[in-house]
Structures are given as C-alpha cells and as structure tokens.
Amino acid sequence: MIQRLGIKTAGTKELTNSTASIKEWIKESGIKHLAIHLDLDVLDPKAFRSLLFANPEAPYNYSPAGTMQMPQLLNLIKELSEETDVVGLGITEHMPWDSINLKNLLGEIPILNK
C-alpha cells in the first residue's frame with residue numbers, strides 16, 4: 001500500500017543521524033500543517049518500558065524492538081516543529097504495565113475496598 005500510494009517513509013536508523021529527509025519532504029511538498037503519529041514502540045524498550053509489547057508477564061520478545069532514545073525522538077519532533085506548523089499529535093502503543101499491576105494490587109487490599 002505504501003509503495004502503491006507513493007508514501008515516503010523514514011526509519012529509525014535514518015532518523016537517528018539526521019532529520020534532513022523529512023525536512024526535505026516537507027519543503028518539497030509545500031506542507032504547511034503537519035499531524036504527527038507517534039508510535040511509542042520506536043523507542044528502545046530499555047529506555048521506555050511502558051510499551052504494549054513489553055508485557056512483563058510475557059516471554060522476553062522484543063523482536064523487532066525499537067532503538068530510538070527519548071532525546072532523539074524529542075529532537076525529531078522539535079526539528080519538525082521548526083519546519084512547519086504541527087497541528088496534531090497522536091500517541092499509540094503506550095501500555096503502563098506497572099500502573100495496571102499496581103491498580104490491580106490495590107484493588108485487592110481489604111482496607112482500600114471499604
């Protein structure tokens with residue numbers, strides 16, 4: 001579908017070193033407004049564990065795992081914001097396993113259920 005529609009893509013490896021390809025695409029396409037879809041699973045699970053696929057109850061299987069670090073991601077978003085007007089930001093793949101487990105634990109403590 002991506003190839004058929006001619007959608008340009010840039011992977012984590014490319015973006016780790018430079019945001020030039022995205023900046024060039026923004027300029028070439030005359031993009032004035034940009035909505036960013038942030039899939040958190042691009043992040044290195046060692047740096048950010050609240051990811052859907054990083055279930056602590058499941059076998060260790062981060063394949064393929066993200067490799068981007070949070071400072072790199074922040075830099076990318078800041079640089080894109082300098083090139084065009086970012087009008088939307090969608091965030092997916094966040095799964096706060098520790099919060100869910102704590103909620104379940106606290107829900108079973110008798111003094112907290114009165």
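Here, the structure is the one placed above.
## As for the overall build of the protein chain
Here comes step 1: Secondary structure assignment for the protein chain yields five helices and two strands.
Here comes step 2: Starting at the N terminus and walking to the C terminus, you meet the elements of the protein chain as α-α-α-β-α-β-α.
Here comes step 3: A compact globule built from 114 residues would reach a C-alpha radius of gyration of about 13 Å, whereas the protein chain, at 19 Å, exceeds it by more than 25%.
Here comes step 4: Along the first, second and third principal axes, the C-alpha atoms of the protein chain reach 60 × 30 × 30 Å.
Here comes step 5: Looking at the protein chain residue by residue over its 114 residues, the buried ones come to 21%.
Here comes step 6: The contacts of the protein chain with a sequence gap of at least 6 include a subset with a gap of at least 24, amounting to 68%.
Here comes step 7: Here the protein chain displays about 8,300 Å² of accessible surface, and carbon together with sulfur accounts for 57% of that area.

## Comments concerning the side chain of Asp 44
Here comes step 1: As for its position among the elements, Asp 44 is in the loop between strand E1 (33–39) and helix H4 (70–83).
Here comes step 2: An unpaired buried charge is present at Asp 44: no salt bridge exists, and Lys 46, the closest side chain of opposite charge, is 5.3 Å distant.
Here comes step 3: With residues near it in sequence (within four places) discarded, Asp 44 still touches Gly 66, Thr 67, Met 68 and Gln 69.

## Topic: the pattern of salt bridges
Here comes step 1: Per the stated rule, a full pass over the model turns up three salt bridges.
Here comes step 2: With a shortest N-O distance of 3.5 Å, Lys 8 and Glu 28 are connected by a salt bridge. One end of the pair, Lys 8, is in the loop between helix H1 (2–5) and helix H2 (12–17); the other, Glu 28, is in helix H3 (residues 20–29), and 20 residues separate them in sequence.
Here comes step 3: Note on Lys 8: relative accessible area 55%, which makes it exposed.
Here comes step 4: Overall, the relative accessible area of 52% leaves Glu 28 in the exposed class.
Here comes step 5: Residue Glu 83 pairs with Lys 27 through a salt bridge whose shortest N-O separation is 3.8 Å.

About the thresholds
- Residues numbered from 1 in each chain as written.
- Predicted model: local features only at pLDDT ≥ 70, side-chain atom pairs only at ≥ 80, totals over all residues.
- Heavy atoms only, no water.
- Helix = DSSP H or I, 4+ residues; strand = E, 2+ residues; numbered from the N terminus.
- Rg over C-alpha atoms; globule rule 2.2 N^0.38 Å.
- Buried < 20%, exposed > 50% of the residue type's maximum accessible area, 1.4 Å probe, protein only.
- Contact = heavy atoms within 4.5 Å.
- Areas by Shrake-Rupley, 256 points an atom, 1.4 Å probe, with all protein chains shown as cover.
- Lys, Arg positive; Asp, Glu negative; His and termini not counted.
- Salt bridge = Lys/Arg side-chain N within 4 Å of Asp/Glu carboxyl O.

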